[in-house]
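# Residue-level structural notes
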Amino acid sequence: MDFAVLLTVIFAVVLTAILLSGARNRITFKMGMRNIWRRKVNTVIILSGLMVGTIIISSSFVVRDTMNEFVTDSVYDTYYMDDVVLVGKAVNGEEVYFNQEVMDDVEAVCGKNADGGRGYIKDEVSLSHPAASLFEPVVTINGVGYETSSAFGPFVSNGNEVEISSNELWVGENLAEDLDITSGSLVIIYAMGAQHNMLVTGILDAEGRTEDGNGIFVALETAQTMLNEPGRINMIAISNPGGVRDSVGEEQVIDAIDEADLKDGSITIEVLSSKKADIELEKEAAEGFTSIFLFLGVFSIITGVILIINIFVMLGEERKSEMGMARALGMRQKVLRKLYLYEGTGYAVFASFLGAIIGIGVGYGVMYFISEFMTSPQPGVQWSLLEHFTYTADGLITAFVMGFFITLTTIIITSSRISKINIIRAVRNIPEPPIDKGSKKMFRTGFVLIILGALLALMAYSAGGPGTMALFAGGITSIIFGTGLILRRYVGDRIAMTLAGIVVLVMLSLPFEAWPGHLVGDMDMFILGGMFRILSALMVIMFNSDYVVKFISFIAGKGKNGRKALVKIAISYPLTSKFRTGMTVAMFALIIFVITIMQVMVGMFSYNIDAQIDEVSGGYHIIGNTISDTPIIMLEETIEQNELLAPEVVGFFAPISGNAIIETPDYPDEQPFPNQFVGFDNDSLENSPFKLKTYMDSYPNGEAVWRELMVNESVVVADSSLAYDEYAMEITGYLLLGDKINVLTKTGSYENLTIIGFMDSFVIRGIIQHESLVKDAGIYGSSQILIKVRDEGKSSEVAKELEKAFLANGLQTIVIRETMEEQLGAMNQFFDLFQAYMSIGLIVGIAGLGIIIIRAVTERFKEIGMIRAIGFKRKMVLSSFLIESTFVAVLGILIGVSLGVVSGYSFWLEDFKEIGWSFYLPWGEIALVGFMALAVSLLCTIPPSYKASKISPAEALRYE
Amino acid sequence: MEATIEVTKTAHFDAQNSAMIGFETWSGESENNGSIVRSNGLKKTYDTGRTKVEALKGVSISIKKGEMVAIMGPSGCGKTTLLNTLSGLDSITEGDVMVDGVSLNQLSDNEKTDIRAKKMGFIFQFYNLLPVLEAVENVELPLLLSGVKPKEARKRAEQMLALVGLKGMEHQRPAELSGGQRQRVTIARALVNNPAIVWGDEPTGDLDSNTSQEIMDLLCRLNRENNQTFVIVTHDLNVAKRAHRIITMRNGRVHEELPPGVLPTMEFLEGSMENQ
Ligand SMILES: Nc1ncnc2c1ncn2[C@@H]1O[C@H](COP(=O)(O)OP(=O)(O)O)[C@@H](O)[C@H]1O
Ligand SMILES: [Mg+2]
């Protein structure tokens, strides 16, 4: 909330200042306000143009808030009234049962900061429902009832509160449904090698304490008996004052527990997790997703800003003679600027307010799109985003104030340029003359740009690190533009600016690698590079507009002579109003640029799916994981004895692997976590089927890294999921190359193992060492296997058969291609969504084009009459305007597409070429977007163009 | 105020002499030519929704081929309307206009446009040129529109610009030319197509008197050399006196047709709508 409060205060101060100044200049203020409402249609168009930026900001906040709500909801569900969860840890770090009396100590330690504590058992058993022949290998059993207060809420069955007494068995609603269990069903619980036949007492509603509707619930004593842990528990939960979402004092409780250092014999009682920390973690994970919206939004916001500039420059032009008159009558420039300030403030307040509200709608649209049309990352689970649709006052206020300032700043800067009008030229409506060659001002500006650019580049260069590449590149760009401004004195505009433009264009199209290595570029470099390149391309085109006109009218005019004249006029107009046209072209170019890059990426991913599969799979087709702690020992024999599997399975990879706890002493804040300890044999290390994503520089290649594991017991390779990845959209690992870890196994611990490489694959998970070391840790079987099949088309069948054959091990299989294709599909959908979101920016561009065509029709009213008089038919006037808008749109689209393709290509060079992917351009899709953008633009410019063609020449020639 | 009238009267006097010269040149050639434009009971009513303005109340005139006719009259008497209806720029409410033997009433908008492109040239007071095109490009426009090959069109446009005294200015844009130069470009454009009729609505209205004389010299020479018909609306007696015939209008009707050498009085020309 702090940021929003700060913004609100700044907004209030600025608005008050403007209003105070308005009170002192009442007449000017009134004139400004009157300008806003002078022409209703105009006002509506202007307001919608000004709104765009705010809509984008507001909607991306709505996306953020909804995603946060969505991801945190499940955390709140799991914790319910619990806030901090404690476990007991043995010396080796394993979680173990402990004496339930510890609860008293915990309560004493927490004191007032806690509402209550509960000691309980949460463990896993298997459950079968014989009458329905249904079996669930892993079911959570909850032993409850040992609570110091009622702060944890009641259990609810059929809407009534119930007590869970000794020897009763309650089943969660969803589990009951899965296993066809009703109250009174006979079920068998398998725990600690024994079977317990029990009658189900009742079904617990999926709400409150049992929100997820899974698991079975028994009294603590019952669980203790079943699990052979009399008088012991394995978890304690503390509830802080406050409800589910507004509990307080969590930090104090955690600190108190840490400080008290509670023990049960050699077992230490530690904090396992807390609601608040988990919420933060989830929010962080969602951040990646939501920040993409804001990042993409930046481009649309820029187009919005350009639209604002365009609108105000046009308002300025429209009022030029009026303003010139006012100036001639003695209105000073300052007053004129104030007039614009008041008017602009009025517009900004209205537009930002409406934009913030409409943004909620757009955000809802995005969420609707995701939940309706997209498959969620977890198969079978719907994105119930609409249920979690949220917007916060915080987001709305921030969007409003940010939108207000973006709008107002743009208006003020634009109008300060407009108000510097030349009185005579304004009154007589004569266009501003080109800046002359000897202009001292331009010359000086050139020097300033060079000096500032050099300073910026030097600073960035000496600093190094994240963000500096963009600053460095910005500095160099400024030097080049500055040089152009100086050169123009000697060689003229055309040569100087064309040269500068081309140099910048080429420079910023280079891959990131071409820049000095210590400068780090990211999305900032991407945005900046995109904008400057579009600017440069525009400069090159605008300063060579004569050639462009000649070239295009030459091509278009082949055959028919009349057409040549028509085309020449149609494209001469926009190329003469360089600023206006440049801005509109830039809007199209920016958006199409981003969309093209997305399409190149998507196209490349799909095109290279086989390469990707090869890359991660090491040539295998099916992944198998045993979910219970019973690794597969006799893989080969079992397959050979199976009629179905024997002919189909042509190879397998089954390194020994088993459960271990990983400690990361380099990261004191991180909890130890369970993972796999995997042993590769000599052969697999000698010719590892798996590529490494990264490895330490001290090894010449990936092979050397694998071989090192054969001779060095203090190094390991880890799977990619453990590595830190700043671009990933989900929670990733946090480990880096060179980090030291401890691997704790049943038989002891292996400490200070250095990570020398990360695999580029998810098919084998865990920490990898030579099998001799892993065998020392008491691991002999394989809990992860990879299977190569004879016929890839039969992968699914083989996978099912494998699950059956290794039922006792609880084998679960994944067909790699299916998973990859699913992921690709999910990715495509995300890109679809992003493109849909980008189309907001495209609409802005099209609106911009529409506005300049409407303006052009009014401005050229008399000229239209004249060309009609000398022989232009109605149809030709219509075509002339349509050719003009086509030209502007196509120019923008072409610049966007070509720069986008170049960027896509350099991404490929940088990241994908080395891993064996081929570059692929999805021409069809790119062309489709281009044509759609063009088609919509034409649809929007047809009405004003048609109006122009209907102008009566006699009428137009009379027009004053 | 009085001083201004005196000056104008002096001009009036001078004009009479030069008009005589123009007349002599014309009378020898024109007798065999039939009329190229003829109107019959031409009426034009503007309906603005709230009011109806009868701008032309039945005008019947005939203009011969090769004639240079000036149309004069007080402001608002319907001169522009007459020019626009005769040239097919504006629609006709009642009556008929024949251009080169064809009734405009029978033509579609496209056909009328074609006639304008091929047979007519226009010179207006303002907004004559396309600001985004160079002088030569402006001039060649009508040629391109009537299907002349680009190379040929460019050649003829350059010749025409030379003829109006703008050699070397071909690649200037209108904004880079003076008022007189711009009007010469317009004339070049109006004549490049070798049109049968040239319409001018106050072609010298925005020019100083020297320039305006130069422009009229040019028009008269072209009229003489090419036997083209000129219909020129003007307020300027210096301009009108160079015509073969002056048609004066008043309140939407033809007031009188003055023979060569006779000019309308200032009082008539300054008479405003109020006293009609
Ligand atoms: N589009 C129009 N709508 C209504 N009235 C018009 C229109 N055009 C001209 N008029 C009226 O027609 C009359 C003749 O106008 P015009 O031909 O321009 O006169 P002139 O050229 O002699 O000054 C004037 O009263 C004028 O106000
Ligand atoms: Mg007139």
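Everything discussed here concerns the structure shown above.
Along each chain, the written sequence defines residue order, and numbers are assigned to residues from 1. Chains carry letters from A onward and ligands carry numbers from 1 onward, assigned in written order. Local features in this predicted model are restricted to residues of pLDDT 70 or higher, and side-chain atom pairs are both shown and tallied only at a pLDDT of 80 or more, whereas totals for entire chains, interfaces and linings draw on every residue. Each side-chain value is worked out from all heavy atoms of the structure, with water and hydrogens disregarded.

A separate point is the overall build of chain A. When helices and strands are counted, chain A shows 31 helices and 29 strands. The principal-axis extent of the C-alpha atoms belonging to chain A is close to 105 × 65 × 55 Å. By residue count, 52% of the 960 residues in chain A fall in the buried class. By the criteria applied, helices consist of DSSP H or I runs no shorter than four residues and strands consist of E runs no shorter than two, each listed in order from the N terminus. In this scheme, a residue with accessible area under 20% of its type's maximum is buried, one over 50% is exposed, and one in between is partly exposed, where area comes from a 1.4 Å probe on protein chains only.

A few words on the sheet that holds strand β4 (residues 68-72) of chain B. Residues and elements named next belong to chain B. Note on pairing: two strands pair once DSSP finds at least 2 bridges between them. The 6 strands are arranged β7-β8-β9-β4-β10-β11 in an open sheet whose pairing can be described as mixed. Only two strands of the sheet have a single partner each, and these edge strands are β7 (120-124) and β11 (253-258). Across the sheet, the axes of successive neighbouring strands diverge by a mean angle of 20 degrees, strand direction being ignored. Strand contacts of helix α7 (residues 209-226): β4, β7 and β9 (229-233), with the helix running at about 150 degrees to β9, the strand carrying the most contacts. In this analysis, axes come from line fits to C-alpha atoms, helices being fitted only over the stretch in contact, and the angle between any two N-to-C directions falls in the range 0 to 180 degrees. Here a residue-residue contact requires only that any non-hydrogen atoms of the pair lie within 4.5 Å.

Put simply, a residue is near a molecule or strand once any heavy atom of it comes within 4 Å of that molecule or strand. Every one of the 14 residues lining ligand 1 counts as a neighbour, but R958 of chain A together with G76, K79, T80 and T81 of chain B are closest to it. Near ligand 1, residues from chains A and B are present, making the site a shared one. For ligand 1, an oxygen atom lies 2.7 Å from a polar atom in the backbone of G76 of chain B. Listing elements by their share of the shell around ligand 1, those giving two or more residues are α31 (953-958) of chain A together with β2 (52-59) and α2 (79-86) of chain B. Residues adjacent in sequence count toward polar contacts only when both atoms are side-chain atoms; beyond that, a polar contact is any pair of N or O atoms within 3.5 Å, and within protein one must be able to donate a hydrogen and the other to accept it.

Another aspect to go through is the sheet that holds strand β19 (residues 622-626) of chain A. Residue and element names in this part refer to chain A. If you walk across this open sheet you meet the 4 strands as β20-β28-β19-β29, and the pairing is antiparallel. Every other strand in the sheet has two partners, leaving β20 (649-653) and β29 (811-815) as the edge strands with one partner each. Here the average twist between neighbouring strands, direction ignored, is 25 degrees. In this structure, β20 lies alongside strand β28 (residues 784-789), joined through 4 bridges in antiparallel fashion. Paired with F652 across the strands is I787, a residue of β28. Of the strands in this sheet, β19, β20, β28 and β29 are in contact with helix α26 (residues 795-805), which crosses β29 at around 170 degrees. Set on the sheet, helix α27 (residues 816-859) makes contact with β19 and β29; between it and β29 the angle comes to about 60 degrees.

Our focus in this paragraph is helix α28 (residues 861-869) of chain A. Residue pairs three or four apart in sequence face the same way in an α-helix, which turns once every 3.6 residues. Counting buried residues along α28 of chain A, 9 of its 9 residues qualify, which places the element largely inside the surrounding structure. Within two residues after α28 of chain A, G871 of chain A carries a phi angle of roughly 125 degrees, on the positive side.

With that settled, consider the pairing of β11 of chain B. Residues and elements named next belong to chain B. Across 5 bridges, strand β10 (residues 245-250) lies against β11 in antiparallel orientation. Pairing of T248 across the sheet is with E256, part of β11. Connecting the antiparallel pair β10 and β11 is a turn made up of 2 residues, with N251 showing a positive phi of about 55 degrees.

Quick look at the side chain of S795 of chain A now. Residues and elements named next belong to chain A. Secondary-structure assignment places S795 in helix α26. Engagement of the side chain of S795 in a polar contact is seen with the backbone oxygen of E792, the distance being 2.6 Å. Setting aside anything within four residues of it in sequence, one finds S795 in contact with H621, I622, V789 and V815.

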